[in-house]
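Inside the fold
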Amino acid sequence: MSGQVEAKIEQLGHRLPAAPEAVGFYVPVLKTGNLVVTSGQLPFMGKELVFKGKVGSEIHEEDGINAARICTLNALAQIKACVGDLDKVTRIVRLEGFVQSGEKFRNQPHILNGASQFLADVFGEKGRHTRTAIGVSEMPLNAAVQIALWAEVDE
Amino acid sequence: MSGQVEAKIEQLGHRLPAAPEAVGFYVPVLKTGNLVVTSGQLPFMGKELVFKGKVGSEIHEEDGINAARICTLNALAQIKACVGDLDKVTRIVRLEGFVQSGEKFRNQPHILNGASQFLADVFGEKGRHTRTAIGVSEMPLNAAVQIALWAEVDE
Amino acid sequence: MSGQVEAKIEQLGHRLPAAPEAVGFYVPVLKTGNLVVTSGQLPFMGKELVFKGKVGSEIHEEDGINAARICTLNALAQIKACVGDLDKVTRIVRLEGFVQSGEKFRNQPHILNGASQFLADVFGEKGRHTRTAIGVSEMPLNAAVQIALWAEVDE
């Protein structure tokens, strides 16, 4: 049975995916104290990395925004896999956002709003997080965006 | 009434600014447990982003150092906005520093010392933090520096 | 007397170095609650930075992997310096990995597996951490890799 948060995700027209596996010798998520931390999530849909390239030069901003939302869905899937139910989240604490950026592309905040707005829509007040927004030159697997989340949970 | 830490900032010739608003759908600061986390702060003075460009190629190191200190003042303003008084800070835990860097500029530690030295001057022992120092190719709004702080507070 | 974790490191053919000093006005490690946080560690062996250059263009992947393991040894040395004994580590929580990357080098996960695999070998289940893997254009001192660790400790 899915909880209220997951129902809200579906109401918004999305679906929580299966939690992607780690791309290396690490784990995608863990809990320490009442904090759940995810590894950096890439825009995978199933086994396919759906948005590759540098935002602003090789791919459009709109694709970057979609990539950011998909990363976020994957991060939420990780948090669910860790604690069993997204309704246990009391606060999204932090979003670390990295955008693979073409030369002179400086609109990373706009891209990452695809993630931040989605978290606000899904969690309401609990979704209002802190954020770092960085443009990087090279990303694993040529992914357009990488996002890691820290969440506070009550269980 | 301002506390001892804020008095020290003024004694050093600086002034705690109004806490800058977030550049997107997120919050600039929040508290989880006894940790206060800020979003990445840019070198804003009021509404103006005062240091733009790549350090080492487009702007001088001295400007980068000033930018780092302004980011830090903004981060401290966020922490004050969150907990009411900087005297509640028991330790600056972590500084995440990103420097928009020109080609072959590898002196990021020198730039970020503008932040680290300032924290040491303001907080003494409590200001001795851990740090990551990264050079990135593209920064939101072409900002020269971005800094996020984690602080431990007692309240 | 060294503990079981340190014995394991030696059994794997490595030796915990002296904890490197900070490259600036900050500290290399601190403890907040039951979390130990390190500053970003560079591939120093003693005073020498042993792997410089951009992975994939200026230096080989194998060197990047070695650099990642040396950064990790240095981070573990910092954690030991902080809590006295690596046996107190109950979980490696997070590895923040930055690889100075040549143009179009997107194999950062492979490089950072040099760190992640080492942590798994040394700590077993307790070493299974979350990770961010980022390719950056410019690194302090031209270091090939920078790694910071967060660890949960029991003391």
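In this section: the interface of chain C and chain A. Counting from both sides, the interface comprises 26 residues of chain C and, opposite them, 22 residues of chain A. For the side of chain C that touches chain A, the elements supplying multiple residues, two or more each, are strand 5 (89–100), helix 3 (108–123) and strand 6 (130–136) of chain C. Looking at the side of chain C that touches chain A residue by residue, the classes come out as 10 nonpolar, 10 polar and six charged.

Here we come to the relation of the copies chain C and chain A. If you rotate chain C by 120° and push it 0.0 Å along the axis, it lands on chain A with an RMSD of 0.0 Å. Each copy turns onto its partner about a three-fold axis. A share of only 8% of interface residues in chain C that are also interface residues in chain A marks the association as one of differing surfaces.

Residue and element names in this part refer to chain C. Pairing is mixed across the open sheet formed by five strands, whose spatial order is 1-2-7-5-6. The open sheet has two edge strands, strand 1 (29–32) and strand 6, and neither has a second partner. Strand-to-strand twist across the sheet, computed as the mean angle between neighbouring axes with direction ignored, equals 15°. Note: strand 1 against strand 2 (residues 35–38), four bridges, orientation antiparallel. Bridging across to strand 2, K31 finds its partner in V36. The strands touched by helix 2 (residues 61–83) within the sheet are strand 1, strand 2, strand 5 and strand 7 (145–153), with strand 7 carrying the most contacts at an inclination of about 35°.

Each partner contributes to the interface: chain A provides 26 residues, whereas chain B provides 22 residues. Looking at the side of chain A that touches chain B, the elements that each hand over two or more residues are strand 5 (89–100), helix 3 (108–123) and strand 6 (130–136) of chain A. Split into classes, the residues belonging to the side of chain A that touches chain B amount to 10 nonpolar, 10 polar and six charged.

A residue-level look at chain A finds 99% of positions with pLDDT of 70 or above and a mean pLDDT of 96. Interface confidence for the predicted complex, expressed as ipTM, amounts to 0.95; the pTM equals 0.97.

With that settled, consider helix 2 (residues 61–83) of chain B. Residue and element names in this part refer to chain B. With 23 residues, helix 2 extends 33 Å from end C-alpha to end C-alpha; this agrees with the ideal 33 Å at 1.5 Å per step. For helix 2, the tally of buried residues reaches 17 of 23 residues, placing the bulk of the element in the interior. G84 sits one or two residues past helix 2 and shows a positive phi near 95°.

All names here are of chain C. Two elements in contact, helix 2 and helix 3, have axes separated by 7 Å at closest approach and are oriented at 40°. Considering their axes alone, helix 2 and helix 3 lie oblique with respect to each other. Classified by chirality, the crossing of helix 3 by helix 2 is right-handed. Residues E61, G64, I65, N66, A68, R69, C71 and T72 of helix 2 pack against H110, I111, L112, G114, A115, F118 and L119 of helix 3. Residues of the contact of helix 2 with helix 3, tallied by class, amount to eight nonpolar, five polar and two charged.

What follows covers the sheet that holds strand 1 (residues 29–32) of chain B. Residues and elements named next belong to chain B. As summarised here, the arrangement of the five strands in space is 1-2-7-5-6, forming an open sheet in which the pairing is mixed. Two strands lie at the open edges of the sheet, namely strand 1 and strand 6 (130–136), each paired on one side alone. Sheet twist, expressed as the mean angle between neighbouring strand axes with direction ignored, is 15°. Where helix 2 meets the sheet, its contacts fall on strand 1, strand 2 (35–38), strand 5 (89–100) and strand 7 (145–153), and the angle it forms with strand 7 comes to roughly 35°. Of the strands in this sheet, strand 5, strand 6 and strand 7 touch helix 3 (residues 108–123), which is tilted by about 160° from strand 5.

A word on the nonpolar core. Counting residues in hydrophobic clusters, the biggest one holds 153 residues, and the most contacted among them are A:V145, B:V145 and C:V145. Aside from chain neighbours lying at most four places away, what touches C:V145 is C:P43, C:F51, C:G64, C:A67, C:A68, C:C71, C:F98, C:V99 and C:I111.

Below, the discussion takes up unusual backbone geometry. Residues and elements named next belong to chain C. One non-glycine residue, L141, lies in positive phi territory at about 60°. Examined against the element boundaries, L141 turns out to sit in the loop between strand 6 and strand 7. Judged by local crowding, L141 falls into the partly exposed class, with 16 C-beta atoms found within 10 Å. One non-glycine residue, N142, adopts positive backbone phi at about 70°. By secondary structure assignment, the location of N142 is in the loop between strand 6 and strand 7.

So, on to the environment of A:A67. Residue and element names in this part refer to chain A. Among the structural elements, A67 can be located in helix 2 (residues 61–83). Residues A67 and G13, spaced 54 residues apart in sequence, show a C-alpha to C-alpha distance of 16 Å. In this view, A67 contacts P43, F51, A144 and V145; residues no more than four positions away in its chain are not counted.

Residue and element names in this part refer to chain A. Of all nine residues in strand 7 (residues 145–153), nine are buried, a share of seventy percent or more. A two-sided burial pattern is seen for strand 7, the buried positions comprising V145, I147, L149, A151 and V153 on one face and Q146, A148, W150 and E152 on the other. Both strand 2 (residues 35–38) and strand 7 contribute to a ladder of three bridges, which runs antiparallel. Of the residues in strand 7, the one forming a bridge with V36 is A151. Judged from the nine bridges that link them, strand 5 and strand 7 form a sheet pairing that is antiparallel. Bridging from a neighbouring strand, R94 pairs with W150 of strand 7.

Residue and element names in this part refer to chain A. By secondary structure assignment, the location of P43 is in the loop between strand 2 and strand 3 (44–45). Owing to 27 C-beta atoms within 10 Å, P43 belongs among the buried residues under this scheme. Separated by 101 residues in the primary sequence, P43 and A144 place their C-alpha atoms 7.6 Å from one another.

The rules behind the values
- Residues numbered from 1 in each chain as written.
- Chains lettered and ligands numbered in written order.
- Predicted model: local features only at pLDDT ≥ 70, side-chain atom pairs only at ≥ 80, totals over all residues.
- Contact = placed C-beta atoms within 7 Å.
- Helix = DSSP H or I, 4+ residues; strand = E, 2+ residues; numbered from the N terminus.
- Nonpolar A, V, L, I, M, F, W, Y, C, P; charged D, E, K, R; others polar.
- Least-squares fit on C-alpha atoms with pLDDT ≥ 70 in both.
- Pairing = 2+ DSSP bridges.
- Axes fitted to C-alpha atoms, helices over the stretch in contact; angles between N-to-C directions.
- pLDDT = per-residue confidence, 0-100.
- Expected span 1.5 Å × (residues − 1).
- Buried ≥ 20, exposed ≤ 12 C-beta atoms within 10 Å, placed from the backbone.
- Parallel < 35°, antiparallel > 145°, perpendicular 65-115°, else oblique.
- Left-handed = near helix turned anticlockwise from the far one by under 90°.
- Core = buried A, V, L, I, M, F, W, Y, C linked by C-beta atoms within 7 Å.

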